[in-house]
Amino acid sequence: MPENKDHKIVMDREGIERCLTRIAYEILEKNKGMDNLVLVGIRTGGIYLAERLQKKISAIEGKNIPLGILDITLYRDDIARSNKKAPLGKTKIPFDLTDKKVILVDDVLFTGRTIRAAMDALIDFGRPKMIQLAVLIDRGHRELPIRADYVGKNLPSSLWEAVSVHLLEKNGTDEVVIEEET
Amino acid sequence: MMKLGKKDILGIRDMTPDEIRLILDTAESFLEISTRDIKKVPTLRGKSVINLFYEASTRTRTSFEIAGKRLSADTINISASSSSVVKGETLIDTARNLEAMNPDIIVLRHSAAGAPHLLASLVRQSIINAGDGANEHPSQALLDMMTIREKKGRIDGLKVAIIGDILHSRVARSNIHGLTKMGARVAVAGPATMMPRDIERLGVEAHLKIDDAIVDADVVMMLRIQLERQKQNIFPSLREYAQRFCLNRRNLQLARPDAIVMHPGPMNRGVEISPDIADDPGCSVILDQVNNGVAVRMALFYLLSGGNDE
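Residues numbered from 1 in each chain as written. Chains lettered and ligands numbered in written order. Predicted model: local features only at pLDDT ≥ 70, side-chain atom pairs only at ≥ 80, totals over all residues. Heavy atoms only, no water.

## A closer look at the overall build of chain B
Counting its regular elements, chain B contains eleven helices and nine strands. In terms of C-alpha radius of gyration, chain B reaches 19 Å, essentially the compact-globule figure of 19 Å for 310 residues. In terms of principal-axis extent, the alpha carbons of chain B reach across some 55 × 45 × 35 Å. When each of the 310 residues of chain B is scored for burial, the buried share is 59%. The contacts of chain B with a sequence gap of at least 6 include a subset with a gap of at least 24, amounting to 74%. Of the roughly 13,000 Å² of accessible surface on chain B, a fraction of 49% belongs to carbon and sulfur atoms. Placing the 40 positive and 38 negative side-chain charges of chain B at their respective mean positions leaves the two points 2 Å apart. (Helix = DSSP H or I, 4+ residues; strand = E, 2+ residues; numbered from the N terminus. Rg over C-alpha atoms; globule rule 2.2 N^0.38 Å. Buried < 20%, exposed > 50% of the residue type's maximum accessible area, 1.4 Å probe, protein only. Contact = heavy atoms within 4.5 Å. Areas by Shrake-Rupley, 256 points an atom, 1.4 Å probe, with all protein chains shown as cover. Lys, Arg positive; Asp, Glu negative; His and termini not counted. Charge placed at Lys NZ, Arg CZ, Asp CG, Glu CD.)

Take a look at the structure:
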């Protein structure tokens with residue numbers, strides 16, 4: 001792969017941690033505590049962010065908030081158009097979603113198509129009382145009427161740029177980078 | 001991103017270990033869908049799958065049908081006894097007519113070895129071989145390998161004993177190809193009349209006594225005795241076969257203490273496997289095989305579907 005012309009770090013480790021701490025408090029404030037609250041992280045970046053939010057919320061409230069993992073591949077709207085497949089990951093939602101307030105967690109909110117797929121998937125698991133969306137980065141360019149309830153950072157970007165969230169758990173470093181696509 | 005580099009699933013013989021791993025990994029992720037209240041995902045909405053079965057089958061046909069339905073594909077079953085096959089239509093004509101109705105995948109079971117390969121060369125749809133004569137039954141071998149990996153955590157380095165009519169068994173042939181590719185040691189045993197002459201060339205040990213094959217096995221795979229073979233004088237009587245080749249408590253003790261017992265079904269209880277072993281949840285994984293079969297077939301449909309981009 002050719003070197004990227006432009007590679008800019010827009011958020012570092014402290015920045016990510018502070019955003020997640022704030023989001024954790026916002027979730028608890030908006031929902032008036034954690035009754036009936038569950039977290040569901042979208043594979044793969046959303047899982048690690050959801051796990052971190054789980055630790056923070058559980059630490060604040062002194063009890064454990066349930067966490068699920070969702071792979072949305074089978075709900076994508078472009079799956080029949082390509083024979084290239086993203087590796088299919090496991091979905092683990094070890095609790096009933098009916099009447100729960102679900103906080104869906106992802107790293108970057110872009111076109112909104114992933115979130116559409118995720119909502120369809122969640123509804124197949126039960127009838128949540130409510131679905132809220134938490135993302136670390138909102139980079140704009142929505143193609144569907146979807147918005148996030150909790151945003152770490154709004155990052156207006158051009159369509160020619162790629163926004164990547166690198167996390168310690170999978171990339172060995174915590175940073176958000178914006179790079180020109182080559 | 002990744003993809004299966006194939007239009008069709010014809011046999012394990014022409015698969016690479018990486019392709020086998022891709023199918024098994026994908027199938028593992030599909031297992032969870034069958035545990036949901038709503039056992040359906042929209043992935044193959046608008047796609048159609050034709051199950052074209054020229055031989056009797058309950059398990060395999062139902063498994064393919066359920067797999068397609070859980071992915072939201074439309075599945076259509078055609079069995080030879082209720083189709084224009086009885087009016088004398090050839091396989092090729094049937095296939096051309098089905099092709100004209102534009103399905104996406106055709107699953108074929110046929111008594112002639114090579115029938116799916118012929119079909120694959122004639123039509124543009126993906127063909128999945130659901131058993132062709134005594135040649136291959138790839139989805140069965142894949143679900144067997146998935147079950148072994150699930151129970152043992154690996155395939156590499158295990159000893160697998162396959163017992164029964166090796167000569168006429170497509171299940172044995174596909175498993176021998178797959179298991180040896182994945183690094184297992186395979187020992188086969190059966191009566192001399194049911195043992196292919198040059199079976200060692202496939203990289204397996206051949207024995208004429210069940211005990212010799214079972215010693216230290218991690219997996220004991222029993223094959224169904226095809227009762228119709230008795231007419232061909234391949235074995236004298238079921239009782240004699242059962243005396244020499246039935247898996248029972250005594251010979252199973254020769255295997256490793258944590259050995260698992262498999263059978264592709266349908267079982268002849270008391271002929272190739274004693275009922276107390278078939279029903280022993282401590283060693284028998286026969287129903288896990290059936291459960292994994294649906295997931296493997298979902299994985300095959302999923303990996304074969306989609307556009308033709310490079």
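## A look at the overall build of chain A
When you go through chain A residue by residue, the secondary structure sums to four helices and eight strands. Against the 2.2 N^0.38 benchmark of 16 Å for 182 residues, chain A shows a C-alpha radius of gyration of 16 Å, consistent with a compact globule. By principal-axis analysis of the C-alpha atoms, chain A measures approximately 50 × 40 × 30 Å. Among the 182 residues that make up chain A, the fraction classed as buried is 53%. Residue pairs at least 24 apart in sequence account for 69% of intrachain contacts in chain A once pairs closer than 6 positions are excluded. Summed over all atoms, the accessible surface of chain A reaches about 9,100 Å², with 49% contributed by carbon and sulfur. Chain A carries 29 positive and 29 negative side-chain charges, and their two centres are separated by 4 Å.

## Brief notes about the environment of T98 of chain A
Residues and elements named next belong to chain A. Summarising the element assignment, T98 is placed in the loop between β3 (67-70) and β4 (101-109). The exposure class of T98 is partly exposed, given its relative accessible area of 32%. A sequence separation of 29 residues divides T98 from R127, and the C-alpha atoms of the two residues are 4.4 Å apart. Setting aside residues up to four positions removed in sequence, T98 forms contacts with G126, R127 and P128. Polar side-chain contacts of T98 include one of 3.3 Å to the backbone nitrogen of R127. (Polar contact = N/O pair within 3.5 Å; in protein donor to acceptor, adjacent residues only side chain to side chain.)

## Focus: the pattern of salt bridges
Using the criterion set out here, one finds 34 salt bridges over all chains in the structure. Of the charged contacts, one joins K90 of chain A and E28 of chain B as a salt bridge, the two residues approaching to 3.3 Å between their closest N and O atoms. Of this pair, K90 of chain A sits in the loop between β3 and β4 while E28 of chain B sits in helix α1 (residues 17-30), on two different chains. The class of E28 of chain B is partly exposed, set by a relative accessible area of 23%. Between D149 of chain A and R147 of chain A there is a salt bridge, with the nearest N and O atoms lying 3.3 Å from each other. (Salt bridge = Lys/Arg side-chain N within 4 Å of Asp/Glu carboxyl O.)

## Topic: the packing of helix α5 (residues 138-152) of chain B against helix α6 (residues 170-181) of chain B
Geometrically, a packed helix pair is captured by the angle between its two axes and the distance between the axes. Residues and elements named next belong to chain B. Relative orientation of the contacting elements α5 and α6 amounts to 55°, with a least axis distance of 8 Å. Compared by their axis directions, α5 and α6 come out oblique. When you trace α5 past α6, the crossing you get is right-handed. Residues P138, Q140, A141, D144, M145 and I148 of α5 pack against V171, S174, N175, G178 and L179 of α6. Here the residues of the contact of α5 with α6 are counted per class, giving six nonpolar, four polar and one charged. (Axes fitted to C-alpha atoms, helices over the stretch in contact; angles between N-to-C directions. Parallel < 35°, antiparallel > 145°, perpendicular 65-115°, else oblique. Left-handed = near helix turned anticlockwise from the far one by under 90°. Nonpolar A, V, L, I, M, F, W, Y, C, P; charged D, E, K, R; others polar.)

## Quick look at the pairing of strand β2 (residues 74-79) of chain B
Side-chain positions along a regular strand alternate between the two faces of the sheet. All names here are of chain B. As paired strands, strand β1 (residues 48-53) and β2 are joined by six bridges and run parallel to one another. Within β2, the residue paired with L52 across the bridge is I78. Chirality of the crossover, the property in question, places the unit of β1, helix α2 (residues 59-70) and β2 among those that are right-handed. (Pairing = 2+ DSSP bridges. Right-handed = clockwise from strand over helix to strand, strands pointing away.)

## A few points about the sheet that holds strand β4 (residues 126-132) of chain B
The strands that make up a sheet are held in pairs by hydrogen bonds between backbone atoms, and each pair lies either parallel or antiparallel. Residue and element names in this part refer to chain B. The sheet built from four strands is open, its strands ordered β2-β1-β3-β4 with parallel pairing. The sheet terminates laterally at β2 and β4, the two strands that pair on one side only. For this sheet, the mean angle separating the axes of adjacent strands, direction not counted, is 15°. Sheet analysis places strand β3 (residues 105-110) next to β4, joined by five bridges and oriented parallel. Across the sheet, I105 pairs through a bridge with S126, a residue of β4.

## As for α5 of chain B
All names here are of chain B. When the terminal C-alpha atoms of α5 are compared, their 21 Å separation across 15 residues agrees well with the 21 Å that a helix rising 1.5 Å per residue should span. α5 sits mainly inside the fold: 13 of its 15 residues count as buried. Remark: G153 follows α5 within two positions and exhibits a positive phi of approximately 80°. (Expected span 1.5 Å × (residues − 1).)

## A look at the packing of aromatic side chains
If you walk through the whole model with that rule in mind, you get three aromatic pairs over all chains. For the cation-ring pair, K30 of chain A lies above Y150 of chain A, with the distance from its terminal atom to the ring centre recorded as 5.7 Å. Sitting over the ring of F64 of chain B, R297 of chain B keeps its end group 4.9 Å from the ring centre. (Phe/Tyr/Trp six-rings, centres within 6.5 Å; stacked < 30°, edge-to-face > 60°. Lys NZ or Arg CZ within 6 Å of the ring centre and 35° of its normal.)

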